[in-house]
Amino acid sequence: MTGELFSPLHLRSGQVLKNRIAKAAMEENMAGDGQLPDEQLFTLYRQWAAGGTGLLITGNVMVHAEALTGPAGVVLDERAPLEPFTEWTEAGKSGGGAIWMQINHPGRQVASGMPGVVWGPSDIGVSLGKHSSRFGRPTAMTAQQIDDTVTRYAVTAHRAEKAGFDGVEIHAAHGYLLSQFLSPLVNKRTDRWGGPLENRARMLLDVVRAVRAAVSPSFAVAVKLNSADFQRGGFDAEDARQVIEMLEPLGVDLVELSGGSYESPAMTGRSTDTRTRAREAYFLDLAEDLVTTSPIPLMLTGGITRRGTAQKVLDSGVAVIGMGTALAVTPDLPDRWRGGREADRRMRPVKWSDKALASAASMAQVRHQMRRLARGSRPRPGTHPAIALVAEQRRQRTALRRYRAWLTEPRGAA
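On a predicted model such as this, the values are computed, not experimentally measured, just so you know.

This paragraph deals with the nonpolar core. The biggest cluster of nonpolar side chains holds 93 residues, and the ones touching the most others in it are Phe85, Ile170, Met203, Leu204 and Leu247. Dropping the residues within four chain positions of it, Ile170 is found in contact with Ile103, Tyr153, Leu178, Leu204, Val207, Val208, Val211, Val221, Ala222, Val223 and Lys224.

Take a probe with the size of a water molecule and roll it over the atoms, and the empty space left behind shows itself. Under the counting rule described, the total for this entry stands at two cavities of 30 Å³ or more. Quantified by volume, the second largest cavity comes out at close to 70 Å³. Lining the second largest cavity, in full, are Glu27, Glu28, Asn29, Met30, Ala31, Leu41, Gly59, Asn60, Thr69, Ala72, Gly73 and Val74. A per-class count over the lining of the second largest cavity returns five nonpolar, five polar and two charged.

Let's shift gears to helix α8 (residues 237-247). Among the residues making up α8, those that are buried are Asp239, Ala240, Val243, Ile244 and Leu247. One face of α8 carries all of its buried residues, which in axial projection span an arc of 135 degrees. Of the residues that open α8, the one with a side-chain oxygen 3.2 Å from the backbone nitrogen of Glu238 is Asp236.

Below, the discussion takes up the packing of helix α7 (residues 202-214) against α8. One can describe the packing of α7 onto α8 by two numbers: an axis separation of 11 Å at closest approach and a directional angle of 30 degrees. Relative to α8, the element α7 lies roughly parallel. Two packed elements cross with a definite hand, and for α7 against α8 that hand is right-handed. Here Leu204, Leu205 and Val208 of α7 lie close against α8, whose contacting residues are Val243, Met246 and Leu247. In terms of residue class, the contact of α7 with α8 is built from six nonpolar, no polar and no charged.

If you add up the space inside the second largest pocket, you get close to 760 Å³. In this structure, the second largest pocket is lined by 30 residues; those nearest its centre are Ala111, Arg134, Ala360, Gln393 and Gln396. For the lining of the second largest pocket, the secondary structure elements donating two or more residues are α13 (355-374) and α14 (385-408). Here the element with the most residues in the lining of the second largest pocket is α13; it accounts for seven residues. Broken down by class, the residue content of the lining of the second largest pocket amounts to 15 nonpolar, ten polar and five charged.

So, about the pattern of salt bridges. Pairing between side chains becomes possible if they bear opposite charge and their charged atoms approach one another. Under the counting rule described, the total for this entry stands at 19 salt bridges. For Asp77, the salt bridge identified is with Arg411, shortest N-O distance 2.9 Å. Pair noted here: Asp77 is in the loop between β5 (61-62) and α3 (83-92) and Arg411 is in the segment after α14, with a separation of 334 residues, a long-range link. Given a relative accessible area of 5%, Asp77 falls into the buried group.

Right, let's get into the pairing of strand β9 (residues 167-172). The buried fraction of β9 is high, at six of six residues. The alternating pattern of β9 places Gly167, Glu169 and His171 and Val168, Ile170 and Ala172 on opposite faces, both of which are buried. Relative to β9, strand β6 (residues 98-104) runs parallel, the two sharing four bridges. Bridge pairing in β9 links Met101 to Val168. In terms of strand pairing, β9 meets strand β10 (residues 220-226) through six bridges, oriented parallel. Bridging across to β10, His171 finds its partner in Lys224.

Here is what the cut-offs are and how they apply
Residues numbered from 1 in each chain as written. Predicted model: local features only at pLDDT ≥ 70, side-chain atom pairs only at ≥ 80, totals over all residues. Heavy atoms only, no water. Core = buried A, V, L, I, M, F, W, Y, C linked by side-chain atoms within 4.5 Å. Buried < 20%, exposed > 50% of the residue type's maximum accessible area, 1.4 Å probe, protein only. Contact = heavy atoms within 4.5 Å. 1 Å grid on protein atoms, 1.4 Å probe; cavity = no way out; pocket = protein on both sides within 12 Å on 5 of 7 lines; lining within 4 Å. Points joined across faces, edges and corners; volume = space filled by probe spheres on them. Nonpolar A, V, L, I, M, F, W, Y, C, P; charged D, E, K, R; others polar. Helix = DSSP H or I, 4+ residues; strand = E, 2+ residues; numbered from the N terminus. Arc of directions from axis to C-beta. Polar contact = N/O pair within 3.5 Å; in protein donor to acceptor, adjacent residues only side chain to side chain. Axes fitted to C-alpha atoms, helices over the stretch in contact; angles between N-to-C directions. Parallel < 35°, antiparallel > 145°, perpendicular 65-115°, else oblique. Left-handed = near helix turned anticlockwise from the far one by under 90°. Salt bridge = Lys/Arg side-chain N within 4 Å of Asp/Glu carboxyl O. Pairing = 2+ DSSP bridges.

Encoded structure:
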């Protein structure tokens, strides 16, 4: 068991991961002044780097300064200074592993109180019943806006490499912009970006091509993809299989499989679909089908907390196991596994009947643990989810005021 979990993985770019354990992206929402990484993130990533993972993937870094998933999101565009990002890479590499930057655009998943733009493939808003008003109403993107956004991804990837990152992961899951284009429920376009899957996948494929052309051959390029959206009539496992085949000729090193969106939060174990009722490795059943045909190594994320579960995932043919919450609670979990130990604490589960609210509280709980790690404190997984959620909402209000002010300030070229 130890030999496989802790064996190296050689990627097509030539990059070698020292083991098969990755810290999957979690949205930290911890940007400092100027929407830049600061000492909080550096401290957090040094802790994870010291814990034995082979790969650290950052929380989503935004490619468009006017389109953030949250007001404390980190932005890396053509005008951001690189020095803070270089320090971030140094922290992430301090344990001998690799660090990749997840790059993202929220599309329509932007809170209603946020300044900037709310875009989507179509003008269909996020549907959360009584919570739908939490999100802004999107406008359908023009061809020029699509082209400009593709360029933004390439600029961010190029600058991430200049800052010292080992790779990027393009986020095309969890209902964000590229996932929205893939979804037949959200993408109702009748032009070359809508209709059949090859059209709905066009923006993702263009982004991958642009990113691959903007970075060196030895720089890793990965894609995070839903194994399914877990909504009737939405993006499903057969769509995922076809998209993976489309990605293979483009030089993609790794595809991370997850699932869900804000409308069906399967990534937190709270989907509206029965296929993620497993307490661990939520998407393993779907991944087992995809791994038999995938020409690209796969990474699976979602609910993995125990070494035995991780080994089961690897035994299925998956190349890398990704963990989020487990590492927010136990940042040295890989080293524990190497020594034959397990985590001695678990996150307090959120059992609220309101799935949207429960998902928000679960994410607030995770951010609460990350903030404690960033202060040099031990995680406190028993924190009541309501307390974590209220504290998160207060921080978001403060961050929103700062973000609004930042957007109005003149920004010169870096």
